[in-house]
Amino acid sequence: MIRDFIQALPKTETHLHVEGAIPYALLRAWRPDQYPVTAPFHAEKYRFPDFTTFEQVLLDQALPWFVSAERYYEAMKAIFATHVTQNVQYVETSFHLPVTQFINVPGPEIVAAIRAAVPAGLEVRIFAGMLRTDYDGPLRSVIDDLANWDGLAGVDLHGHESFPTEPWTTEVWSRIRVAGKITKCHAGEFDGAPRVREAIEQLGVDRVQHGVRAIEDATVLQLARERNVTFDVCPISNIKLAVYPDYSSHPLRKIMEAGVRCTISTDDPLVFNNSLTDEYIVLAEKMGFNKAELGQLAANGWDVADVPQKIREFNKQTISNLVK
């Protein structure tokens, strides 16, 4: 019954990394000798010991594939097909901007390849993701031009939070917003609530990727609520990366009770072996979320979706009818 309800919900995915989302089955079909039938990190009880290990595993799995714009197109066709089967109707996804340097393919070509892979009935917004250190190098001119890219919805700052957020980011993020694009920032995952405050106050974002450790400071939760900031939360990722030891410790419900809007996404399903449906099932079966709460999370995704108001209202009404 709950699985039927989850399937019927018109869902959004707002925190998804392109390179971390390529289906493992596609990689195995491509190179079966390199990608075994069972990946050890896919085991339900597997936990990544640290972010560095996670990052290395992800890069080792994904980067051999992503060598051209055509490969991005092929991967995204497979990724978007999984969304369609789950009744996901809106997706925000980011590609890793430094890859453009690795493979010598201009970013706008990657954006165009991703856009070409979008199936009918699915709305997709494409973001350029970058590390906190990427401005001090050959990407500087690329980053300075992002505001002019057609088809780019916005930018996302990601990578390990052990690196400080450098001063350039504030100016670039402001310029991106002036150009009418969306700015995001990963914060409050491996580092605490002060990084969430920094993302909101210094970078000016209203979309925080993860944000869960804001729970450690009530004033940061209050700030997020007052600024109408959304946390794009990925519960399975948080457990697999040992941000929290188990689902009973995860603060999603407390964050929502504090009045902060949250959405649900998968982050990097290539290594976490999860789908958006899995995320909702975990919420229901391991975190005790009822239909009304699941419906609220789904509706929250439409609140922040970059779609016409008519589409937003239609999907929220559909969710409301399903919850009744």
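Everything below is about the structure shown above.
Numbering of residues begins from 1 in every chain and follows the order in which that chain's sequence is written. Where local features are concerned, this predicted model is filtered to residues with pLDDT of at least 70; where side-chain atom pairs are given and counted, the filter is 80 or more; whole-chain, interface and lining totals use all residues. Side-chain measures were taken over the full set of non-hydrogen atoms in the model, leaving aside hydrogen atoms and water.

**Quick look at helix 3 (residues 51-62)**
- Secondary structure follows DSSP: runs of H or I at least 4 residues long count as helices, runs of E at least 2 residues long count as strands, and numbering of each begins at the N terminus. Multiplying 1.5 Å by the residue count of a helix minus one yields the expected span of that helix. Across its 12 residues, helix 3 extends 16 Å between first and last C-alpha, which sits within 8% of the 16 Å expected from 1.5 Å per residue.
- Taken together, the buried residues of helix 3 touch helix 2 (24-30) and helix 13 (269-272).
- One side-chain oxygen of the residue at the start of helix 3 lies 3.3 Å from the amide nitrogen of Thr52, identifying that residue as Asp50. Residues count as neighbours in contact if any of their non-hydrogen atoms are within 4.5 Å of one another. In the analysis that follows, any N or O atom pair within 3.5 Å is treated as a polar contact, provided that within protein one partner can donate a hydrogen and the other can accept it, and provided that, for residues neighboring in sequence, both atoms belong to side chains.

**Quick notes on the pairing of strand 6 (residues 207-210)**
- Any two strands are treated as partners once DSSP identifies two or more bridges connecting them. Relative to strand 6, strand 5 (residues 182-187) runs parallel, the two sharing three bridges. By the bridge assignment for strand 6, Ala187 is matched with His210.
- Between the parallel pair strand 5 and strand 6, the chain is carried across by helix 9 (residues 193-201), and the sense of this crossover is right-handed.
- Pairing of strand 6 with strand 7 (residues 230-233) involves three bridges; the strand directions are parallel. Opposite Arg207, over in strand 7, you have Thr230 as the bridge partner. For crossovers, right-handed means that the path from the first strand over the helix to the second runs clockwise, given strands pointing away from the viewer.

**Points about the pattern of salt bridges**
- Just to be clear on terms, a salt bridge is a Lys or Arg side-chain nitrogen sitting within 4 Å of an Asp or Glu carboxyl oxygen. Evaluated as defined, the whole model comprises 17 salt bridges.
- In this structure, Arg125 and Glu123 form a salt bridge, with 3.0 Å as the shortest nitrogen-oxygen distance.
- Residue exposure (1.4 Å probe, protein chains only): buried if accessible area is under 20% of the type maximum, exposed if over 50%, otherwise partly exposed. Of the residues examined, Arg125 reaches a relative accessible area of 14% and is grouped as buried.
- Classification of Glu123 by relative accessible area gives partly exposed; the value is 32%.
- In the salt-bridge network here, residues are joined through shared partners; they are Glu92, Lys184, Arg207 and Asp232.

**Let's talk about helix 8 (residues 168-178)**
- The complete set of buried residues in helix 8 reads Trp168, Thr169, Val172, Trp173 and Ile176. Here the buried residues of helix 8 occupy an arc of 115 degrees about the axis, which is enough to place them on one side.
- Of the surrounding elements, those touching the buried residues of helix 8 are strand 3 (123-131), helix 7 (140-145), strand 4 (154-158) and strand 5.
- Immediately downstream of helix 8, the backbone of Gly180 shows phi near 90 degrees, a positive value. Think of it as the arc spanned by the lines of direction from the helix axis to the C-beta atoms.

**Things to note about the side chain of Glu92**
- Relative to the elements of secondary structure, Glu92 occurs in strand 2 (residues 88-96).
- Polar contacts involving the side chain of Glu92 include one to the side chain of Tyr90, which spans 2.6 Å.
- Those residues within four positions of Glu92 in sequence are excluded, and the remaining contacts are Glu13, Thr14, His15, Leu16, Arg125, Phe127, Lys184, Arg207, Val304 and Asp306.

**A word on the nonpolar core**
- In this description, a nonpolar core means a group of buried Ala, Val, Leu, Ile, Met, Phe, Trp, Tyr and Cys residues linked to one another through side-chain atoms lying within 4.5 Å. Ranked by internal contacts, the top residues of the largest apolar core, which has 107 residues, are Tyr72, Phe80, Phe95, Leu97, Leu146 and Phe231.
- If we skip the residues at most four places from it in the chain, Tyr72 touches Val18, Glu19, Phe66, Phe95, Val99, Ile103, Ile110, Ala113 and Ile114.

**A few points about unusual backbone geometry**
- Even without a glycine there, the phi angle at Asn104 is positive, about 60 degrees.
- Looking at the secondary structure, you find Asn104 in the loop between helix 5 (99-103) and helix 6 (107-116).
- We classify Asn104 as exposed; its relative accessible area is 70%.
- Even without being glycine, Asn228 reaches a positive phi, approximately 60 degrees.

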